[in-house]
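Here are the chains, one letter per residue:
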Amino acid sequence: MPTFTYMTRCDGCGECVDICPSDIMHIDPVYRRSYNVEPNFCWECYSCVKACPQHAIDVRGFADFAPLGHSVRVLREEKMGTISWKIRYRDGRVKEFTFPIRTTPWGSIKPPSDYAAPDANALGSQMLAHEPTALGVEMLPTLPVLDKKEV
Amino acid sequence: MPTFTYMTRCDGCGECVDICPSDIMHIDPVYRRSYNVEPNFCWECYSCVKACPQHAIDVRGFADFAPLGHSVRVLREEKMGTISWKIRYRDGRVKEFTFPIRTTPWGSIKPPSDYAAPDANALGSQMLAHEPTALGVEMLPTLPVLDKKEV
Amino acid sequence: MSQRSSKNIKFVDADILVIGGGFGGCGATYESRYWGRDLKIVLVEKANIERSGAVSHGLSAINCYMGMQWGENQPADFVRYARGDLMGLVREDLIFDIARHVDSTVHKFEEWGLPIMKDPKTGRYLREGKWQVMIHGESYKPIIAEAARKSASEVYNRIMVTHLLMDKTRPNRVAGALGFNVRDGQLHVFRAKAVIVAAGGASHVFRPRSVGEGAGKTWYAPWSSASAYGLVLRTGAKMIQMENRIVLARFKDGYGPVGAWSLLLKAQTTNAYGENYEAARLDEIKSLVGKYAETTPLPTCLRNHAMLQEVKAGNGPIYMQTQQVLDTKEKENTGWEDFLDMTVGQAVVWASQNIDPKEKPSELTTSEPYVMGSHATCSGAWASGPEDCAPADYQWGYNRMTTVEGLFGAGDTIGGSAHKFSSGSFTEGRIAGKSAVKYVRELAGNPPQVDEAQLTMLQQEIFKPLENFEIGRNEIVAGSVAPSYISPLQGLQRLEKIMDEYVGGISTFYMTSEPMLNRGLELLTMLKEDLDHIGAEDLHQLQRAWELHHRVWTAEAVLRHTLYRQETRWPGYYYRGDFPKLDDADWHAFTASQYDVKTGEWTMSKLPVHHIIE
Amino acid sequence: MSQRSSKNIKFVDADILVIGGGFGGCGATYESRYWGRDLKIVLVEKANIERSGAVSHGLSAINCYMGMQWGENQPADFVRYARGDLMGLVREDLIFDIARHVDSTVHKFEEWGLPIMKDPKTGRYLREGKWQVMIHGESYKPIIAEAARKSASEVYNRIMVTHLLMDKTRPNRVAGALGFNVRDGQLHVFRAKAVIVAAGGASHVFRPRSVGEGAGKTWYAPWSSASAYGLVLRTGAKMIQMENRIVLARFKDGYGPVGAWSLLLKAQTTNAYGENYEAARLDEIKSLVGKYAETTPLPTCLRNHAMLQEVKAGNGPIYMQTQQVLDTKEKENTGWEDFLDMTVGQAVVWASQNIDPKEKPSELTTSEPYVMGSHATCSGAWASGPEDCAPADYQWGYNRMTTVEGLFGAGDTIGGSAHKFSSGSFTEGRIAGKSAVKYVRELAGNPPQVDEAQLTMLQQEIFKPLENFEIGRNEIVAGSVAPSYISPLQGLQRLEKIMDEYVGGISTFYMTSEPMLNRGLELLTMLKEDLDHIGAEDLHQLQRAWELHHRVWTAEAVLRHTLYRQETRWPGYYYRGDFPKLDDADWHAFTASQYDVKTGEWTMSKLPVHHIIE
Ligand SMILES: Cc1cc2c(cc1C)N(S(=O)(=O)O)[C@@H]1C(=O)NC(=O)N=C1N2C[C@H](O)[C@H](O)[C@H](O)COP(=O)(O)OP(=O)(O)OC[C@H]1O[C@@H](n2cnc3c(N)ncnc32)[C@H](O)[C@@H]1O
Ligand SMILES: Cc1cc2c(cc1C)N(S(=O)(=O)O)[C@@H]1C(=O)NC(=O)N=C1N2C[C@H](O)[C@H](O)[C@H](O)COP(=O)(O)OP(=O)(O)OC[C@H]1O[C@@H](n2cnc3c(N)ncnc32)[C@H](O)[C@@H]1O
Ligand SMILES: Nc1ncnc2c1ncn2[C@@H]1O[C@H](COP(=O)(O)O)[C@@H](O)[C@H]1O
Ligand SMILES: Nc1ncnc2c1ncn2[C@@H]1O[C@H](COP(=O)(O)O)[C@@H](O)[C@H]1O
Ligand SMILES: Nc1ncnc2c1ncn2[C@@H]1O[C@H](COP(=O)(O)O)[C@@H](O)[C@H]1O
Ligand code: SF4
Ligand code: SF4
Ligand code: SF4
Ligand code: SF4
Ligand code: NA
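Keep in mind that this is a model prediction, so the values were computed, not measured. (Residues numbered from 1 in each chain as written. Chains lettered and ligands numbered in written order. Predicted model: local features only at pLDDT ≥ 70, side-chain atom pairs only at ≥ 80, totals over all residues. Heavy atoms only, no water.)

Asks: Would you mind going over the overall build of chain C with me for this structure?
Replies: Across its full length, chain C carries 17 helices and 19 strands. Relative to the compact-globule value of 25 Å for 614 residues, chain C shows a C-alpha radius of gyration of 23 Å, a close match. With the principal axes as the frame, chain C shows a C-alpha extent of 65 × 55 × 50 Å. Residues classed as buried in chain C amount to 74% of the 614 residues present. Considering only contacts in chain C between residues 6 or more positions apart, those separated by 24 or more positions represent 76%. If you sum the accessible surface of chain C, you get close to 16100 Å²; carbon and sulfur atoms cover 49% of it. With 67 positive and 74 negative side-chain charges, chain C shows a separation of 2 Å between the mean positions of the two kinds. (Helix = DSSP H or I, 4+ residues; strand = E, 2+ residues; numbered from the N terminus. Rg over C-alpha atoms; globule rule 2.2 N^0.38 Å. Buried < 20%, exposed > 50% of the residue type's maximum accessible area, 1.4 Å probe, protein only. Contact = heavy atoms within 4.5 Å. Areas by Shrake-Rupley, 256 points an atom, 1.4 Å probe, with all protein chains shown as cover. Lys, Arg positive; Asp, Glu negative; His and termini not counted. Charge placed at Lys NZ, Arg CZ, Asp CG, Glu CD.)

Asks: Please clarify how the overall build of chain A should be interpreted in this entry.
Replies: Per the secondary structure count, chain A includes two helices and seven strands. Going from the N terminus to the C terminus, chain A shows its helices and strands as β-α-β-β-α-β-β-β-β. For 151 residues, the compact-globule formula gives about 15 Å, and the C-alpha radius of gyration of chain A, at 24 Å, lies well above that figure. Its C-alpha atoms give chain A principal-axis dimensions of roughly 65 × 45 × 30 Å. Expressed as a percentage of its 151 residues, the buried residues of chain A come to 56%.

Asks: What should I look at first to understand the site of ligand 2 in this one?
Replies: Around ligand 2, the structure places 37 residues, and the nearest of them are Glu-45, Ser-52, Ala-61, Ser-374 and Ser-422 of chain D. Those residues lying near ligand 2 are distributed over chains A and D. In isolation ligand 2 has 1100 Å² of accessible area, and contact with the protein removes 98% of it. Looking at the shell around ligand 2, the elements that each hand over two or more residues are helix 1 (23-35), strand 3 (59-62), strand 6 (159-166) and helix 12 (421-443) of chain D. Of the residues in the shell around ligand 2, the class split is 17 nonpolar, 16 polar and four charged. (Near = heavy atom within 4 Å. Nonpolar A, V, L, I, M, F, W, Y, C, P; charged D, E, K, R; others polar.)

Asks: Quick question: what am I supposed to make of the coordination of the sodium ion (ligand 10) here?
Replies: Tetrahedral coordination by four donors places them ideally at 109.5 degrees to one another around the metal; octahedral coordination by six donors ideally gives 90 or 180 degrees. Around the sodium ion (ligand 10), the protein contributes the donor atoms Arg-207 of chain C (NH2) and Arg-207 of chain D (NH2), at 3.1 Å from the metal centre. Residue Arg-207 of chain C is located in the loop between strand 8 (187-197) and helix 5 (227-233), and its partner Arg-207 of chain D is located in the loop between strand 8 (187-197) and helix 5 (227-233); the two belong to separate chains. Here the two residues Arg-207 of chain C and Arg-207 of chain D agree in accessibility, since each one is buried. (Donors = N, O, S within 2.8 Å, 3.2 Å for Na, K, Ca; no water.)

Asks: Just to check I follow, could you spell out helix 9 (residues 300-312) of chain D for this structure?
Replies: One turn of the α-helix equals 3.6 residues, which is why residues spaced by three or four share an orientation. Residue and element names in this part refer to chain D. For helix 9, with 13 residues, the first-to-last C-alpha span of 18 Å sits near the 18 Å given by 1.5 Å per residue. Of all the 13 residues making up helix 9, 10 are buried; the element is thus mostly covered by neighbouring parts of the structure. Positive phi appears at Gly-314, one or two residues downstream of helix 9, with a value of about 85 degrees. (Expected span 1.5 Å × (residues − 1).)

Asks: I'm lost on the domain arrangement of chain C in this one. Help?
Replies: Frequently, the measure chosen for interface size is the accessible area that the parts lose on association. Residues and elements named next belong to chain C. Domain annotation for chain C reports domain 1 (249-367) and domain 2 (452-583). Using only C-alpha atoms to locate each centre, domain 1 and domain 2 end up separated by 32 Å. With 14 residues of domain 1 at the interface, the matching set in domain 2 holds 12 residues. Together, Leu-288, Cys-301 and Leu-308 form the three largest contributors to the area buried by domain 1 at its contact with domain 2, with a combined 40%. The tally of links from domain 1 across to domain 2 stands at seven residue pairs in polar contact (both at pLDDT 80 or more). At eight residues, helix 9 (residues 300-312) tops the list of elements feeding residues into the side of domain 1 that touches domain 2. The residue inventory of the side of domain 1 that touches domain 2, partitioned by class, reads seven nonpolar, six polar and one charged. (Domains from an automatic or database assignment. Buried area = accessible area lost by both parts, 1.4 Å probe. Polar contact = N/O pair within 3.5 Å; in protein donor to acceptor, adjacent residues only side chain to side chain.)

Asks: So what exactly am I meant to see when it comes to the interface of chain B and chain C here?
Replies: Listed as interface residues are 87 residues of chain B and, on the opposing side, 110 residues of chain C. Both faces combined, the contact of chain B with chain C buries some 8500 Å², and carbon together with sulfur accounts for 59% of it. Taken as a group, Trp-43, Ile-109 and Leu-123 of chain B account for 10% of the area that chain B buries against chain C, more than any other trio of residues on that side. In this assembly, chain B and chain C are joined by 10 salt bridges. Remark: the boundary between chain B and chain C carries 62 residue pairs in polar contact (both at pLDDT 80 or more). Residue assignment for the side of chain B that touches chain C shows that the elements contributing at least two residues are helix 1 (15-19), helix 2 (47-51), strand 5 (71-77), strand 6 (82-88) and strand 7 (94-100) of chain B. (Salt bridge = Lys/Arg side-chain N within 4 Å of Asp/Glu carboxyl O.)

Asks: Which parts of the structure should I look at to understand the sheet that holds strand 18 (residues 589-595) of chain D?
Replies: Sheet strands pair via backbone hydrogen bonds, and the direction of the pair is either parallel or antiparallel. Residue and element names in this part refer to chain D. Strand order in the open sheet formed by four strands is 14-9-18-19, with antiparallel pairing between adjacent strands. Where the open sheet ends on each side, the last strands, each with one partner, are strand 14 (380-381) and strand 19 (602-608). Two elements, strand 9 (residues 239-240) and strand 14, share two bridges in a ladder whose sense is antiparallel. The residue of strand 14 that forms the bridge with Ile-240 is Gly-380. Across the sheet, helix 16 (residues 539-564) lies against strand 9, strand 18 and strand 19, angled at about 60 degrees from strand 19, the strand it touches most. (Pairing = 2+ DSSP bridges. Axes fitted to C-alpha atoms, helices over the stretch in contact; angles between N-to-C directions.)

Asks: Explain the packing of helix 2 (residues 75-85) of chain C against helix 3 (residues 92-112) of chain C to me, please; I cannot follow it from the model alone.
Replies: Working note: a packed helix pair is described by the angle between its axes plus the distance between those axes. Residue and element names in this part refer to chain C. At a closest axis distance of 8 Å, the pairing of helix 2 and helix 3 adopts a crossing angle of 135 degrees. With respect to their mutual orientation, helix 2 and helix 3 come out oblique. The hand of the helix 2/helix 3 crossing is right-handed. In this structure, helix 2 contributes Pro-75, Ala-76, Phe-78, Val-79, Ala-82 and Arg-83 to the contact, and helix 3 contributes Glu-92, Ile-95, Phe-96, Ala-99 and Arg-100. (Parallel < 35°, antiparallel > 145°, perpendicular 65-115°, else oblique. Left-handed = near helix turned anticlockwise from the far one by under 90°.)

Asks: Teacher, can you tell me more about the interface of chain A and chain D here?
Replies: Across the contact, 87 residues belong to chain A and 110 residues belong to chain D. Taken as a group, Trp-43, Ile-109 and Leu-123 of chain A account for 11% of the area that chain A buries against chain D, more than any other trio of residues on that side. Inspection of the chain A/chain D interface yields 10 salt bridges. With a closest N to O distance of 2.8 Å, Arg-544 of chain D and Glu-38 of chain A form a salt bridge. Taken together, the connections running from chain A to chain D amount to 62 residue pairs in polar contact (both at pLDDT 80 or more). Within the side of chain A that touches chain D, the residues separate by chemical class into 50 nonpolar, 17 polar and 20 charged.

Asks: Before we go on, may I ask you to explain the site of ligand 8 in this structure?
Replies: Around ligand 8, 14 residues are found, and the nearest of them are Cys-10, Cys-13, Gly-14, Cys-16 and Cys-52 of chain B. Here the residues of the shell around ligand 8 are counted per class, giving seven nonpolar, five polar and two charged.

Asks: I keep staring at the UniProt feature "domain: FAD-dependent oxidoreductase 2 FAD-binding" (unreviewed entry) in chain C and nothing clicks. Help me out?
Replies: The sites that UniProt annotates as "domain: FAD-dependent oxidoreductase 2 FAD-binding" (unreviewed entry) are residues 15-244 of chain C. The distance separating the terminal C-alpha atoms of residues 15-244 of chain C is 34 Å; by composition the span is 27% helix and 22% strand. (UniProt positions renumbered as here; feature names shortened; annotations may be inferred.)

Asks: Is there a simple way to explain the environment of Lys-110 of chain B in this structure?
Replies: By the element assignment, Lys-110 of chain B lies in the segment after strand 7. What makes Lys-110 of chain B partly exposed here is its relative accessible area of 39%. When sequence neighbours within four positions are dropped, the list of residues in contact with Lys-110 of chain B reads Tyr-115 of chain B together with Tyr-30 of chain C.

Asks: How do you make sense of unusual backbone geometry when you look at a structure like this?
Replies: For residues besides glycine, phi is generally negative; the peptide bonds are generally trans as well. Looking along the chain, the bond that leaves Gly-316 of chain C and enters Pro-317 of chain C is cis, with omega of -5 degrees. Across the junction of Thr-296 of chain D and Pro-297 of chain D, the peptide omega takes the value -10 degrees, indicating a cis bond. With respect to the element layout, Pro-297 of chain D can be found in the loop between helix 8 (282-289) and helix 9. In this structure, Tyr-46 of chain A takes a positive phi of about 70 degrees despite not being glycine. Position of Tyr-46 of chain A among the secondary structure elements: in the loop between strand 3 (34-36) and helix 2 (47-51). Residue classification places Tyr-46 of chain A among the buried residues on the basis of a relative accessible area of 2%. With a phi close to 70 degrees, His-130 of chain B is a non-glycine residue in the positive phi region.

Asks: Help me understand the pattern of salt bridges, please; the structure alone is not making it clear to me.
Replies: Note that side chains of opposite charge can pair when their charged atoms are close. Evaluated as defined, the whole model comprises 118 salt bridges over all chains. The residue Arg-90 of chain A makes a salt bridge to Glu-529 of chain C at a minimum N-O spacing of 2.6 Å. Here Glu-529 of chain C lies in helix 15 (residues 514-530) and Arg-90 of chain A lies in the loop between strand 6 (82-88) and strand 7 (94-100), a pairing that spans two chains. Given the relative accessible area of 18%, Arg-90 of chain A is considered buried. The partner of Arg-400 of chain D in a salt bridge is Asp-97 of chain D, with the nearest N and O atoms 2.7 Å apart. On the criterion of sequence distance, the pair formed by Arg-400 of chain D in the loop between strand 14 and strand 15 (407-409) and Asp-97 of chain D in helix 3 (residues 92-112) is long-range, its members being 303 residues apart.

Asks: Help me understand the side chain of Asp-338 of chain C in this model?
Replies: All names here are of chain C. In this fold, Asp-338 is placed in helix 10 (residues 329-342). Of the buried charged residues, Asp-338 lacks a salt bridge, with Arg-250 as the closest side chain of opposite charge at 8.9 Å. With residues up to four places along the chain from it excluded, the contact list for Asp-338 reads Ser-60, Pro-257, Ala-260 and Trp-261.

And the structure:
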């Protein structure tokens, strides 16, 4: 299901162009709206669909195996921390699902430099940031160094 | 090796458009010269190449298996009744061949209606036009009608 | 509705309408003029008959010639050969009929100017093999086309025929055909007393090995669009052996045929280690097909099978050891001409990959499957046989008439008569042409009437893809993805993938089974429904849309026949995993299908194979 | 020369340059900031890190988590699992290292806001399987990207990195990287003391099952362009296990993963007749691989092998019997979320083909091969191991440093450490990040110098495809066929076909052999020469051109390693027809390759597999 853009909904804002991991959502020079320039490099990852403020992008299943008449639409609500899906079957059946996407506010992650600077010696240890605390166990496991052993 | 048309040689006469069995040599509306609109339906049959009065069409091997740097050029001389090929390898080697294409003048075939009209009864026989003479044997072979037999 | 479809209609009336100006069609046109001097004979062709059809390139051999004049072979021998090659299942009457006439065809070709090679010692035609003669065949098609042009009352080039038209009052009688001009879109209605379909075989029903741009590089031409089957079966005509698709051993990528190399030049086919593997695999083959393994020459499908087993075992690539035989300039010329005459692409493979066949062997491969009636398989319409020697149940009127009245066929169109090739197809066209003249004469004052209602409905249907595109294209900004239509190519790729994966294509090493076929049929049914949503952006794409229609209908027939035959009759063409062996007790029969136009149902049945020659 | 290449160059200086902002790269960025507060840490990414890499969709499980806090598993157990799955050949030191750290990574993810599902009874993470935990992972990537953005000094999105730069005086030391901005074409020269390559794995090295438009529908993302290998190996860094390509059992067409269905929902995988075929094939498997057939769980490659044998025997389609397990609304949600979180395309397959998984089973297939270091295979760079527990010959300096000084890697980049998945790749990035900080600190006043000559040469090379197009396009009238250049897609299709047909892709059922590989190498060598003639019509296509370069170089490594290992170590991933069995006597070893930048030669060798865990 590569993407396509509905002519009447797109306002050419470029969010989809900005996000597409495949760099295939481009702005048409004549219409100043987006379209998929290389459907054969589309992964149907929905990144652009989720990012479009106008809900102007939709997908239809890859022509080489998907019959027509279906749709899989999505509404990702960052503030609510949810994503909702509406799946319409070729034969008209509909399924809807909503799932959580995040448990904390967007932007709330504490940067590593906001933690106390580690001891200079620790650079030589095997410990990574926040360890061992973050491991949930008291000590970082290690092993005796062996030369060679058959198993 | 789908075809391509050299920009500087083509004069837009349309002979290639007229002959292509795949209907894929079209005239570009801007440049008024021909090009291959659907290389994936080109059979590299060389019909257009042979037909072009300007020798403006060439082929390069299908990209999915032919390395670059080769050429297979042709000169078909109807009046002389010959066709000549020049094959240039990727590594520079060259081979040339000339073969006959016809033993009689073009247009010389005698139409069926120029032969004496067949006897009306002959329509009910198994004989085809010019038979049995043209068979080179005296009689048209036949078989007893059998109902069913194991072999 | 699209503007194009409301244009003036062109009506063309004919006594005999020949559809397709390839080898069968040119033969039919020539012969019907010979017998029907006063008749209006119209030839309609989607391309330009000068270079249309499977022989547009040219050919380097005539693969069906008896040489009766020199006592080389007799028609009955040829029947035995073709029967053996097809594992017993052929219409011996049809094959005998072609064999007894084919020499007169070939002699005529030579008279017209086709350079046939001569054996300098005997003065006879140079034999490639027992049945084949070598030609300088680059202009084979233009020569034959000249004869046809001089025979037809009118030749309509660039008319894509989409449907056959049926008689208003007698539903099992043909009344003509419909098509559109691919240059200006004008709808053409051909009204005819007899129709001879000679629209060739089918490539691109199964996914090809080549990809992307290379997809055009199939062995049979990309324009072999299954129209013969797609047109005929939808009238309700009985079809046979549609499961009998062909897979061919071919030079890899360039698809150069192997015949001249094996038979004339006598190059060895070996595995990667230089071994002749065929003999070593005979016992295993025998365990699958019994006595048929003893046929000489080893049937084409079994030669494929041996090659496939080698490849599966990891003993590939398979090689044609060309370098062992090109020891004279003369042989080098023969080898090169073989391909320059009929598959130039093979020369391009050599040039581009620095392969000089004098120095290095060339890889072989087994091709994707094709649907054909004229090579080493015999899918096609069930036809009435020759009056003088066909068994009674193979004979219901006019030679080469299908089960639909007035509807004749030739070449790839007609089932059961394998190994016709170019000369046999032309010959079968001649047989059908004469027969159609007889039919028209005997029809006298009872001409068929086109059904106006059918015509109006079809007119809308034909141009619908243009309309789909015009409307649907407005929904989207640009590009090739739209929610309400798919392009002909997108539809074709879907078809090919279904057939490849479920019906015994290359990706399963030609394996299929009842569960696979049933799943394939589900997907194919959805594709058939989606044919209403093909979008064509121009008339060229409208041609592609209708080619797709013909291929999809043909594919369905192939699938249904494959499902019906519960055995593996032709290992090397395809395998039924659930019935891995040949089963003569239950399946020494033709499979037949008949599509019911009214109900949309298919009826499958067995038809007897009569052996009329020892 | 194209105008674009003469534009101003942008120079960017950094202490640590991270190439690729996927899971490995985000981990590296986070960790290097933690330890290197004052360092300039630059992250460069060809797309936008918010949704770049293999996890752009999201994921529905974290496949590497010990649960040490609950005593669920210990790192040594994980090493045994991964070793068993890889048929004995893994870098146990690297895997142990990831396993002991991975829990702190996952706990951090949860703290950041990733919803990890809980078992309502135990309050612990909900286990999918022994090593996997279930997540609501649609926003997995944006969450991780937020952490990386807050750690980097600068993030450069939309820079396609094409080459690594080497030190002027010490040829085995990295000095930075080159890339261009895909929006404005500006050349970016990154000069750095340490470089961490985390550019992900590779799709589209082998021909995919999907065709035409559908070609983007691979399991691993189409943008997984083999850059990790393409960049690293050309510096002369030692690579290992490049033959160990991965083939995955996946839902057909949609490529939905099977893990949650098999392990959590416990749906059966059967053949077309509902049979559980795996057990029935164990004896046959044992005859190929001996004791390795007794590993629990059965190694991924052997599960594939059993499936492939079924398919070859004509017992397909293979089905996941989803309808047997979706008996509650909760399970239905789980099943759907599994795909809506990570491969929406599978939901599209269901919707378009009218398959309700509650009612009908879904077909499975074995995928085309991919090249990866983070899933159930471990191709990649040979890296120094952890200081405290790596065997002496696995340790030459800094943890996760390749054999090139200052050049580190993480995730798919690093060879030998399979089963990292998302969490392990991030963890390996953290390990590499910390290690790089240590390297930079110890490097002190001895920074590398970019070689100006190399830079000038590469600058021309990078933009050459634009120039090829500009010039070559003038020769022809229109269309996509030209004599002097091919498009990146045309080149890619050639690559895929070579790899498919000669190096063990889908079209041979993963079969290869020395003769096939040698022929493949001939064709690949010509393709490599033709890379000088790629034509790019715009900057987007210039990106594709360089992705193709990286894929072609990676393909060559895959081919050479496959040729070198004269055994079939992983049946189900690929088969050497000439060495059909596992051979521990000769091949209980890593294969290693090293490309010599000066001579253009490859050196192959064996490296010992040390077992440091019972
Ligand atoms: C492609 C090919 C074919 C052969 C070979 C090599 C190659 C590379 N070999 S070797 O492999 O053995 O080497 C042969 C050989 O050397 N010797 C030989 O005698 N025959 C060979 N064939 C086989 C013959 O060519 C074949 O048997 C005959 O041509 C069959 O004749 P016919 O059934 O008439 O098909 P056609 O393709 O010639 O003509 C069909 C015509 O119909 C037209 N058409 C189709 N659909 C239409 C539509 N909808 N509307 C209007 N027109 C519509 C076509 O355009 C065409 O003109
Ligand atoms: C695609 C996919 C992947 C997985 C799964 C299902 C599916 C459908 N499954 S399941 O199947 O098991 O179900 C997993 C799962 O559920 N759980 C899990 O933990 N991991 C799974 N993976 C595997 C992990 O995703 C994988 O192991 C890691 O992502 C690997 O991390 P890393 O090695 O960092 O690769 P990356 O793709 O994330 O990042 C690479 C980055 O580099 C960029 N890049 C690449 N080339 C570049 C260049 N030349 N210049 C600049 N930038 C350049 C990329 O854009 C990207 O950002
Ligand atoms: N519950 C839902 N689940 C999935 N998609 C939705 C849902 N509600 C709205 N959408 C989609 O979100 C977009 C905007 O919806 P609307 O605002 O209702 O037009 C459209 O693409 C809808 O199909
Ligand atoms: N090995 C072979 N043995 C017998 N006949 C062959 C062989 N190869 C090709 N032929 C026949 O030679 C002709 C041309 O074959 P091909 O070139 O494969 O189409 C056909 O009649 C084939 O049946
Ligand atoms: N049948 C199985 N037995 C054991 N582990 C499996 C099975 N199927 C999948 N897995 C594992 O589950 C995880 C997800 O698998 P997949 O969805 O196939 O990528 C990986 O860790 C796999 O190795
Ligand atoms: S994000 Fe939406 S509105 Fe903006 S350019 Fe893309 S399709 Fe148009
Ligand atoms: S679905 Fe993904 S790959 Fe396709 S256009 Fe949108 S963002 Fe790009
Ligand atoms: S035949 Fe030659 S000159 Fe005429 S349009 Fe075609 S390419 Fe141009
Ligand atoms: S080579 Fe043949 S198929 Fe190709 S464009 Fe020319 S005439 Fe058409
Ligand atoms: Na295949």
